[in-house]
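# Structure at a glance
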Amino acid sequence: MNKIIKKPELLAPAGDLERLKIAIKYGADAVYVGGINFGLRANATNFNLDELKEGIEFAHKYSKKVYVTVNIVLHNKEIENLLSYLKDLERINVDAIIVSDPAIIKIARENTSLEIHLSTQQSCLNVESAKFFKSEGVSRIVLARETTKEDIKAIIDNVGIEIECFAHGAMCASYSGRCVLSNFLTSRDSNRGGCSQICRWDFDLKTDEQKYLIGEKPFTFCTKDLSLLKYIPEMINMGVSSFKLEGRMRSIYYVATIVSTYRKVIDEYCSNPEHYEYNSNYEKILMNCANRDSVVQFFDGIYDESCQYYNGRIEVSNQDFLGVVLGYDTNKKQVLLEQRNYFKKGDIVEFFGPNTAPFTFEIDKIIDETDCEIDIVRHPRQVVKIPISKELEVDSMMRIKR
C-alpha cells in the first residue's frame with residue numbers, strides 16, 4: 001500500500017500582476033505580494049488596491065490564494081493609516097496578511113477577520129516563540145531562514161500550527177533580514193523596504209594599524225542563494241505546510257522556472273513517495289536561470305565559508321530567456337513570440353509552458369511583423385513569428401538549450 005502524503009502548498013513570489021499570473025499558471029498554489037504601503041520591497045513595482053483586487057480575483061478563479069505582506073516595522077505616524085488599509089485588504093478578500101510587528105497582529109486580530117501569518121522578519125526559531133505567536137492569533141509561522149531541520153521538526157511536533165519554510169532564493173547576511181548597515185551607510189532602511197544590499201558591495205580591508213590588506217579579489221560578505229530542492233521530500237515528511245520561493249523582484253522567466261521545477265518535485269514525490277527518485281537535472285534548470293550559486297544554508301546545521309562569497313564572485317546577467325509566447329496560429333502553424341534576448345536562425349532552443357513539457361527545437365525560419373524573413377532578432381521586445389508544428393499556449397517560454 002502506498003504511503004498517504006499530505007501535499008504541501010507551493011508559495012511563489014509576485015512583484016506585479018504579470019508575475020502573479022505567471023506564477024499561478026506555472027503551478028503555484030498561492031502567491032505573496034506587496035501592497036503600496038507597509039511592505040518590505042519598496043523598490044519592487046508592488047500592487048495598488050485595484051491591482052490587488054484583480055490579482056485576487058484571478059487567483060481565486062483558479063482556486064489559488066494571495067497573501068499580502070504587511071511586515072514593515074511601524075513608526076507611530078503610520079499607525080493611524082494602518083487600520084483602514086487592513087480593512088481594504090479584508091474587503092477585497094485577501095487570503096492572509098504576512099506580519100512581523102506585534103502591533104499589526106493585535107490591530108488586525110481585534111478589528112478584522114484577516115488570517116495572520118508571522119513573517120520571517122520576526123526570526124521565529126524555537127518552540128516557545130512559536131507557541132507565543134500562536135496564542136496571539138497567528139495561524140501560520142514563516143520560520144526564520146536560520147532554522148535547522150531539527151528546529152523545524154521540533155516546532156512542528158510541539159506547537160500544532162502551520163509552518164512555512166523558505167525553500168529557494170536570496171539570503172540576507174543579517175539575521176532574517178534585520179539589517180541596519182543599509183540605513184547606516186546609505187540612509188535606506190532595510191526594515192522599512194529600502195535595502196541597498198550592502199552585503200554585496202566590495203570592501204577594503206585594513207589591519208589594526210590601518211594598513212590595507214590586498215587580496216586576489218575584493219572582499220565581500222554576500223551570501224550564496226538558498227536551494228532546498230533535494231530536501232523537499234524530507235521536509236514534506238516532517239510536516240512542513242508551505243514551501244516559500246523568494247524573488248518578488250525577479251523576472252517572469254525566473255518565476256516560471258523555479259515554480260514549475262518545485263511543482264514537479266512536490267508532485268512527483270507526493271504521487272508515489274515509496275518509489276520516488278530525485279531528478280538532479282532539475283538542479284541544472286534552476287542554476288541556468290540564476291546568477292549566484294545555491295547551497296542548503298542552515299538546514300543541515302553546517303554554516304561555514306562555503307555558504308558565503310568572501311572573496312568576490314561573478315554575477316552574470318542571465319541570457320537564457322529568449323522569448324515569451326503571445327499566441328499560436330493553428331492554421332499557419334506559427335508561434336507569435338515576443339523577444340527577451342538576442343537569438344537567430346539556426347539556434348537550438350527549448351520551449352516550455354504551464355502545461356507543456358520542455359522540448360527542443362531548431363529555429364529554421366523567422367518572420368517579422370511585416371511578414372519578411374529575417375535571420376536575427378535583436379530589438380528589445382520585438383514580435384516575430386516562428387513556424388513550429390507543436391501548438392504552444394500563451395505565456396509559454398523559449399530559452400537557450402543547454
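Right, let's walk through the structure included here. This one's a predicted model, so the numbers in the text were calculated from it and none came from an experiment. (Residues numbered from 1 in each chain as written. Predicted model: local features only at pLDDT ≥ 70, side-chain atom pairs only at ≥ 80, totals over all residues. Heavy atoms only, no water.)

Turning to the overall build of the protein chain, a few remarks are in order. The secondary structure content of the protein chain amounts to 10 helices and 24 strands. For 402 residues, the compact-globule estimate of 2.2 N^0.38 gives 21 Å, and the C-alpha radius of gyration of the protein chain, at 23 Å, lies within 12% of that figure. Here the C-alpha coordinates of the protein chain stretch approximately 65 × 60 × 50 Å along the principal axes. Counting every position in the protein chain, which comprises 402 residues, the buried fraction comes to 52%. The long-range share in the protein chain, meaning contacts at least 24 apart out of those at least 6 apart in sequence, stands at 67%. Of the accessible surface of the protein chain, which amounts to about 19,300 Å², a share of 48% is contributed by carbon and sulfur atoms. (Helix = DSSP H or I, 4+ residues; strand = E, 2+ residues; numbered from the N terminus. Rg over C-alpha atoms; globule rule 2.2 N^0.38 Å. Buried < 20%, exposed > 50% of the residue type's maximum accessible area, 1.4 Å probe, protein only. Contact = heavy atoms within 4.5 Å. Areas by Shrake-Rupley, 256 points an atom, 1.4 Å probe, with all protein chains shown as cover.)

This paragraph deals with the side chain of Glu-9. Along the chain, Glu-9 turns up in strand S1 (residues 9–13). Here Arg-140 takes part through its side chain, which lies 2.8 Å from a polar atom of the side chain of Glu-9. In terms of polar contacts, Glu-9 uses its side chain to reach the side chain of Ser-242, at 2.7 Å. Setting aside its immediate chain neighbours within four residues, Glu-9 contacts Asp-29, Ala-30, Lys-65, Tyr-67, Arg-140, Ser-241, Ser-242 and Phe-243. (Polar contact = N/O pair within 3.5 Å; in protein donor to acceptor, adjacent residues only side chain to side chain.)

For the pair helix H1 (residues 17–25) and helix H2 (residues 49–61), the least separation of the axes is 10 Å and the interaxial angle reads 10°. Relative to H2, the element H1 is oriented roughly parallel. Taken together, the residues of H2 that come into contact with H1 (itself represented by Leu-17, Leu-20, Lys-21, Ile-24 and Lys-25) are Glu-51, Glu-54, Gly-55, Phe-58 and Ala-59. Of the residues belonging to the contact of H1 with H2, the class tally is 5 nonpolar, 1 polar and 4 charged. (Axes fitted to C-alpha atoms, helices over the stretch in contact; angles between N-to-C directions. Parallel < 35°, antiparallel > 145°, perpendicular 65-115°, else oblique. Nonpolar A, V, L, I, M, F, W, Y, C, P; charged D, E, K, R; others polar.)

All right, on to the pairing of strand S12 (residues 242–245) then. The two faces of S12 match: Ser-242 and Lys-244 on one face and Phe-243 and Leu-245 on the other face are all buried. Across 3 bridges, S1 lies against S12 in parallel orientation. Along S12, the bridge assignment pairs Glu-9 with Ser-242. Looking at chain direction, strand S7 (residues 162–169) and S12 are connected through 4 bridges and run parallel. (Pairing = 2+ DSSP bridges.)

So, about the nonpolar core. In terms of nonpolar packing, the biggest core is built from 89 residues, with Val-31, Val-70, Leu-89, Ile-97 and Met-397 touching the most fellow members. Ranked by the residues each element gives to this core, the list is headed by helix H9 (residues 252–271), at 12 residues. Formed by 19 residues, the second largest nonpolar core is a distinct cluster that contains Leu-322, Phe-359, Phe-361 and Ile-374. (Core = buried A, V, L, I, M, F, W, Y, C linked by side-chain atoms within 4.5 Å.)

Take empty space enclosed by the protein next. Applying the stated criterion across every chain yields a total of 2 cavities of 30 Å³ or more. What the largest cavity holds in volume is close to 120 Å³. The wall of the largest cavity is formed by 15 residues, among which Ala-144, Arg-145, Thr-147, Phe-166 and Leu-228 lie closest to the centre. Here the element with the most residues in the lining of the largest cavity is S7; it accounts for 3 residues. Of the residues contributing to the lining of the largest cavity, the split by class is 11 nonpolar, 2 polar and 2 charged. The volume enclosed by the second largest cavity comes to roughly 40 Å³. Lining the second largest cavity, in full, are Thr-257, Ser-260, Thr-261, Lys-264, Ile-285, Phe-352, Pro-358 and Arg-399. The element contributing the most residues to the lining of the second largest cavity is H9, with 4 residues. Partitioning the lining of the second largest cavity into residue classes produces 3 nonpolar, 3 polar and 2 charged. (1 Å grid on protein atoms, 1.4 Å probe; cavity = no way out; pocket = protein on both sides within 12 Å on 5 of 7 lines; lining within 4 Å. Points joined across faces, edges and corners; volume = space filled by probe spheres on them.)

It is worth spelling out the pairing of strand S16 (residues 334–339) at this point. Along S16, 5 of the 6 residues are buried, which leaves the element largely enclosed by surrounding structure. Taken together, the 6 bridges between strand S15 (residues 321–329) and S16 define a ladder with antiparallel strand orientation. By the bridge assignment, Val-324 is partnered in S16 with Glu-338. Between S15 and S16, which pair antiparallel in sequence order, lie 4 residues; one of them, Lys-333, sits at a positive phi of approximately 55°.

All buried positions along H1 are accounted for by Leu-17, Arg-19, Leu-20, Ile-22, Ala-23 and Ile-24. Against the buried residues of H1 lie S1, strand S2 (30–34), H2, strand S3 (65–70), H9 and strand S24 (397–400). Near the N-terminus of H1, the side chain that reaches the backbone nitrogen of Glu-18, with its oxygen 3.3 Å away, is that of Asp-16.

Function cannot be read off these values alone, since they describe shape.
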